[in-house]
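Here is how the chains run, residue by residue.
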Amino acid sequence: MTHRGSRVLHVSSLSRVEGEGALRLRVEGRTVTEAHLEIYEPPRFFEAFLRGRSYTEPPDITARVCGICPVAYQMSACAAIEDACGVSVDPVIRDLRRLLYCGEWIESQALHIYLLHAPDFLGRASAIELARTHRAEVERGLRLKKAGNSLMEVLGGRAIHPVNVRLGGFHRAPARGELRSLSEELKRALDDAWATVRWVAGFEFPDAHTDAVLLALASPDTYAIESGTPTLLRADGTCGSFPVRDFTERVRESHVPHSTALHSRLDGHLHLTGSLARFAVGGRRLSPVAVQAAIEAGLGDPREGAVCRNPYRSILVRAVEIVYAVGEALRIVEAYEPPERSFVEVPPLAGIGHGATEAPRGILYHRYELAPDGTVTDALLVPPTAQNQGAIEHDLLRLTQRALTDHDPGDEELTALCERAIRNHDPCISCSTHFLDLTVVRTPGGSHA
Amino acid sequence: MSAPTLAVFKLASCDGCQLTLLDCEDELLALAGGVRIAHFLEASSAVEPGPYDLTLVEGSITTPEDAERIRAIRAASRHLVTIGACATAGGIQALRNFADVDEFRRVVYAHPEYISTLATSTPVSAHVDVDFELRGCPIDRRQLLEVITAFLAGRKPDVPNHSVCFECKQRGTVCVTVAHGTPCLGPVTQAGCGALCPAYRRGCFGCFGPSGSVNLPALIPLLRRDGLDEDAVERFLHTFNAAAFDEELRSS
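For clarity, every value in this text was computed on a predicted model and none was experimentally measured.

The rules behind these values
Residues numbered from 1 in each chain as written. Chains lettered and ligands numbered in written order. Predicted model: local features only at pLDDT ≥ 70, side-chain atom pairs only at ≥ 80, totals over all residues. Heavy atoms only, no water. Helix = DSSP H or I, 4+ residues; strand = E, 2+ residues; numbered from the N terminus. Rg over C-alpha atoms; globule rule 2.2 N^0.38 Å. Buried < 20%, exposed > 50% of the residue type's maximum accessible area, 1.4 Å probe, protein only. Contact = heavy atoms within 4.5 Å. Areas by Shrake-Rupley, 256 points an atom, 1.4 Å probe, with all protein chains shown as cover. Lys, Arg positive; Asp, Glu negative; His and termini not counted. Charge placed at Lys NZ, Arg CZ, Asp CG, Glu CD. Arc of directions from axis to C-beta. Polar contact = N/O pair within 3.5 Å; in protein donor to acceptor, adjacent residues only side chain to side chain. Buried area = accessible area lost by both parts, 1.4 Å probe. Salt bridge = Lys/Arg side-chain N within 4 Å of Asp/Glu carboxyl O. Nonpolar A, V, L, I, M, F, W, Y, C, P; charged D, E, K, R; others polar. Phe/Tyr/Trp six-rings, centres within 6.5 Å; stacked < 30°, edge-to-face > 60°. pLDDT = per-residue confidence, 0-100. Pairing = 2+ DSSP bridges. Axes fitted to C-alpha atoms, helices over the stretch in contact; angles between N-to-C directions. Left-handed = near helix turned anticlockwise from the far one by under 90°. Core = buried A, V, L, I, M, F, W, Y, C linked by side-chain atoms within 4.5 Å.

Novice: Got a minute to help me understand the overall build of chain B in this structure?
Specialist: The secondary structure content of chain B amounts to 12 helices and five strands. Relative to a compact globule of 252 residues, whose C-alpha radius of gyration would be 18 Å, chain B shows 19 Å and is just as compact. Considered along the principal axes of its C-alpha atoms, chain B spans approximately 60 × 50 × 30 Å. Going through the 252 residues of chain B one by one, you find that 60% of them count as buried. Taking the intrachain contacts of chain B between residues at least 6 apart in sequence as the baseline, contacts between residues at least 24 apart amount to 72%. When the accessible surface of chain B is totalled, it reaches about 10,100 Å², and 52% of it is carbon and sulfur. In chain B, which carries 22 positive and 31 negative side-chain charges, the distance between the mean positions of the two groups comes to 4 Å.

Novice: It is not clear to me how helix α5 (residues 101-108) of chain B should be interpreted in this structure. Could you clarify?
Specialist: For α5(B), the full list of buried residues reads Val101(B), Phe104(B), Arg105(B) and Val108(B). Taken around the axis of α5(B), the buried residues stretch over an arc of 100°, which confines them to a single face. For α5(B), the elements touching its buried residues are α1 (46-49) of chain A. Looking at where α5(B) begins, the residue whose side-chain oxygen comes 3.0 Å from the main-chain nitrogen of Asp102(B) is Asp100(B).

Novice: Even after reading the chapter, I still don't get the interface of chain A and chain B, so can you show me in this structure?
Specialist: Interfaces are often sized by the amount of accessible area the parts lose when they come together. Contacts between the two partners involve 68 residues from chain A, matched on the other side by 62 residues from chain B. In total, about 5,400 Å² of surface goes out of reach between chain A and chain B, with carbon and sulfur atoms giving 63% of it. Interface area lost by chain A to chain B is led by Phe45(A), Ile128(A) and His255(A), which between them contribute 13%. For the pair chain A and chain B, the number of links is seven salt bridges. At the boundary of chain A with chain B, the tally comes to 22 residue pairs in polar contact (both at pLDDT 80 or more). With 11 residues, helix α6 (residues 135-156) of chain A is the largest single contributor of residues to the side of chain A that touches chain B. Within the side of chain A that touches chain B, the residues separate by chemical class into 31 nonpolar, 17 polar and 20 charged.

Novice: I tried to follow the packing of aromatic side chains on my own but got confused; where do I start?
Specialist: The way to describe two aromatic rings as a pair is by their centre distance and the angle between their planes. Under the definition given, this model contains 13 aromatic pairs over all chains. With a centroid separation of 5.9 Å and 55° between ring planes, the pair formed by Phe45(A) and Phe104(B) is classed as tilted. Linking Phe45(A) in the loop between β3 (31-38) and α1 with Phe104(B) in helix α5, this pair reaches from one chain into another. Exposure remark for Phe45(A): the relative accessible area of 3% places this residue in the buried category.

Novice: Honestly, unusual backbone geometry in this entry has me stumped. Any pointers?
Specialist: Here the bond from Gly50(B) into Pro51(B) is cis, since omega is 0°, no more than 30 degrees from zero. Here the residue pair Cys137(B) and Pro138(B) is connected by a cis peptide bond, since its omega of 5° sits within 30 degrees of zero. Among the secondary structure elements, Pro138(B) is positioned in the loop between β5 (132-134) and α6 (141-153). Look at Asp408(A): it is not a glycine, yet its phi comes out positive at around 50°.

Novice: Would you explain the confidence of the model for chain B in this entry?
Specialist: Predicted coordinates in regions of low pLDDT should not be interpreted in detail. Averaged over every residue, the pLDDT of chain B is 93; the share at 70 or more is 100%. Scoring of the predicted complex yields 0.94 for pTM and 0.96 for ipTM.

Novice: Help me understand the sheet that holds strand β8 (residues 239-241) of chain A, please; the structure alone is not making it clear to me.
Specialist: All names here are of chain A. The mixed open sheet is built from four strands, whose spatial order is β8-β7-β6-β11. The open sheet has two edge strands with one neighbour each: β8 and β11 (271-272). As defined by bridge partners, strand β6 (residues 213-218) adjoins strand β7 (residues 229-233) across five bridges and the pair is classed as antiparallel. Opposite Ala216, over in β7, you have Thr231 as the bridge partner. Its contacts with the sheet place helix α10 (residues 275-282) against β6, β7 and β11, and it is angled at close to 65° to β6.

Novice: How do you make sense of the packing of helix α4 (residues 91-121) of chain A against helix α14 (residues 411-424) of chain A when you look at a structure like this?
Specialist: Packed helices, taken two at a time, are described by the angle their axes make and the gap between the axes. Residues and elements named next belong to chain A. At a closest axis distance of 10 Å, the pairing of α4 and α14 adopts a crossing angle of 145°. The way α4 lies across α14 gives a crossing that is left-handed. Listed contacts from α14 to His112, Leu116, His117, Asp120 and Phe121 of α4 are Arg420, Arg423 and Asn424. Residues that form the contact of α4 with α14 fall into these classes: two nonpolar, three polar and three charged.

Novice: What should I look at first to understand the environment of Asp236(A) in this one?
Specialist: In this structure, Asp236(A) sits in the loop between β7 and β8. Separated by 69 residues in the primary sequence, Asp236(A) and Gly305(A) have C-alpha atoms spaced 14 Å apart.

Novice: Explanation requested: the nonpolar core in the structure shown.
Specialist: One broad rule of soluble globular proteins: the nonpolar side chains tend to lie buried together. If you look at the biggest cluster of nonpolar residues, it comprises 196 residues, and the most contacted ones within it are Leu99(A), Leu115(A), Leu299(A), Tyr368(A), Leu21(B) and Leu56(B). Contact partners of Leu56(B), with chain neighbours within four places excluded, come to Leu6(B), Ala7(B), Val8(B), Phe9(B), Leu21(B), Val81(B), Ile83(B), Leu144(B) and Ile148(B).

Novice: Mind showing me how you'd approach the sheet that holds strand β14 (residues 376-382) of chain A here?
Specialist: Neighbouring strands of a sheet are bound in pairs by backbone hydrogen bonds; such pairs are parallel or else antiparallel. All names here are of chain A. The three strands lie next to each other as β12-β13-β14, forming an open sheet whose pairing is antiparallel. Edge positions in the sheet fall to β12 (351-359) and β14, since each of these pairs with one other strand and no more. Strand after strand, the sheet turns through a mean of 15° between neighbouring axes, direction not considered. Pairing between strand β13 (residues 362-370) and β14: six bridges, direction antiparallel.

Novice: Would you mind showing me how to read the pattern of salt bridges here?
Specialist: Per the counting criterion, the structure on display carries 43 salt bridges over all chains. The closest approach of N and O atoms between Glu57(A) and Arg53(A), which form a salt bridge, is 2.8 Å. Residue Glu57(A) is classed as buried on the basis of its relative accessible area, which comes to 14%. Across the salt bridge formed by Asp66(B) and Arg69(B), the nearest N and O atoms sit 3.2 Å from each other. Residue Asp66(B) and its partner Arg69(B) are located together in helix α3 (residues 64-75), separated by three residues, close to a single helical turn. Linked by salt bridges that have partners in common, Arg98(A), Glu226(A), Glu328(A) and Arg331(A) make up one network.

Novice: How should helix α12 (residues 242-251) of chain B be read in this particular structure?
Specialist: Burial in α12(B) covers these residues: Ala242(B), Ala243(B), Ala244(B), Phe245(B) and Asp246(B). Here the buried face of α12(B) lies against α4 (85-89), α10 (216-225) and α11 (230-237) of chain B.

Novice: What is the right way to look at the side chain of Glu226(A) in this model?
Specialist: Residue and element names in this part refer to chain A. The topology assignment puts Glu226 in the loop between β6 and β7. The exposure class assigned to Glu226 is buried, which follows from its relative accessible area of 15%. For Glu226, the side chain forms a polar contact with the side chain of Arg98, separated by 2.8 Å. Excluding residues that lie within four positions of it along the chain, Glu226 makes contacts with Arg94, Arg98, Tyr101, Ala356 and Thr357.

This is the structure:
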């Protein structure tokens, strides 16, 4: 029998995630009774101060919720406000939005793979340390990340908090030559993306399985990025979908004492958004080259319904998504003809609008209520991490319980296990907070054989 | 001699300014060869205790805990540089400074009693001595590299404090106010972004905060002439550097 006295473990700050969080584990004997991911980012009150602003302002303002995925905030805000005003944009503008979003996907997924996640698989503390033994790979990751940033800089003005997005489209449409100038860098990026797929496919993956309902947007003809219908896949293989306007009817948020991020449930169940969910729900609509990448990554053939439920393997799906996003960017860049007008007019209209898009980390839903003159009277933002928090906690509970049942690890090992498991999900805690202190509260429990 | 140590800390913010460091894709590995990154949670799980030769701080002070924390960070830092509009001016979250924060809490949270927050969002310099403030929402990558290399070399950073108008002229961008009557904060906003917004045919919205020598009262009638009513002028000034522009107005 092994059991330890009551003790508390503090591990200061979860690293290599966007934001700060804390984790509190309660262990009684060798049973984990509680795993709380505590998000205590200082509240910034976006939803409160959006009230009273003009309907033209949320795309710039909400970008500041997250420096890692500002385009996602800009796109969900535009989608929701245009929905309220009954406006839809031209296909050229839709393509340009998708292109800007591809830039964010490439940058963000490369950041996650190379700077945040890969060091776990190779036993390093950071990409900088990793560069001592894997210089060429880290340089490749930075090059790939830069290709995403270049795209955002040309089309959006800058990579963080782009300035060119407005309701109805863009302040200025790029000239043909401006976008074409990106072709060479994107072609190089496609090679780098393929090399990334092959590199991460060689990593060793622990066994793990999530039963969470997988929720992602789905589009009829394409892998959903900037629009789509919320579609879910349950653990028993059954599917469902619902209109974006029903989002808050289905995804219910509640406020728990240990977090400044709200917790949510889909129809009362834990759910997960992000790469695993997108691949499960929309994988069959990936481009042929991305399907090939998925097969080569060992994920199976998404056209035949391949689904990945091992959170450690999310790095593979991210790599495949970079192949897809680079291919999409090249397709749009090469077909681009500047539109006559860079935006459509969006006259104000009283009403409620809903918008959801696929941030690199999962579905980002916005809802705005507008007065007749366009003043925002109410705003609601539901970021992916708030949705994923419950499923992440469940994951942690199961993993730590398994470790405790197997071999009763020490606090240091438990911490490493939890940090690694959390990084699998790429939580962007700045949507909500920062800081991971791990607290393990151990109390003597029943005897174990 | 061992390499100087670099630390990066985050308070209330969006992560964008510290991401700017990771966005220096071409320089990151060279920079990492010249310094020892001793504390940078976003990038590394290896964390060393201070003292640090150069500390970069992103984010504003919005909780009693962070007001304490910044004192500890200051004590552990030889040079403390704040980066971004949140750290240098309170950021967008300083909009609470002009509102009832208890009401904000009730609007956003079902259980406002779970939320601990200050009634204000203040810059780091309101709490501790700061050696240099780098402006921007977000900061500019080239300016960040200039500031880091300047501090490591023991010289003063070469970061101008003239207005965005200078950058429009340098870039050859036609003045959006003169040519199109577009409301623009360029004349009163500090340079650093490269005059991005006018180059994308929109008015500057003040990401870098008030520049060194501004005449805000002279600009306001121009904004009114270009179609902004009183509320719109106030909103225009109340974005990412609301507290700094407000102070500028009150002192002018």
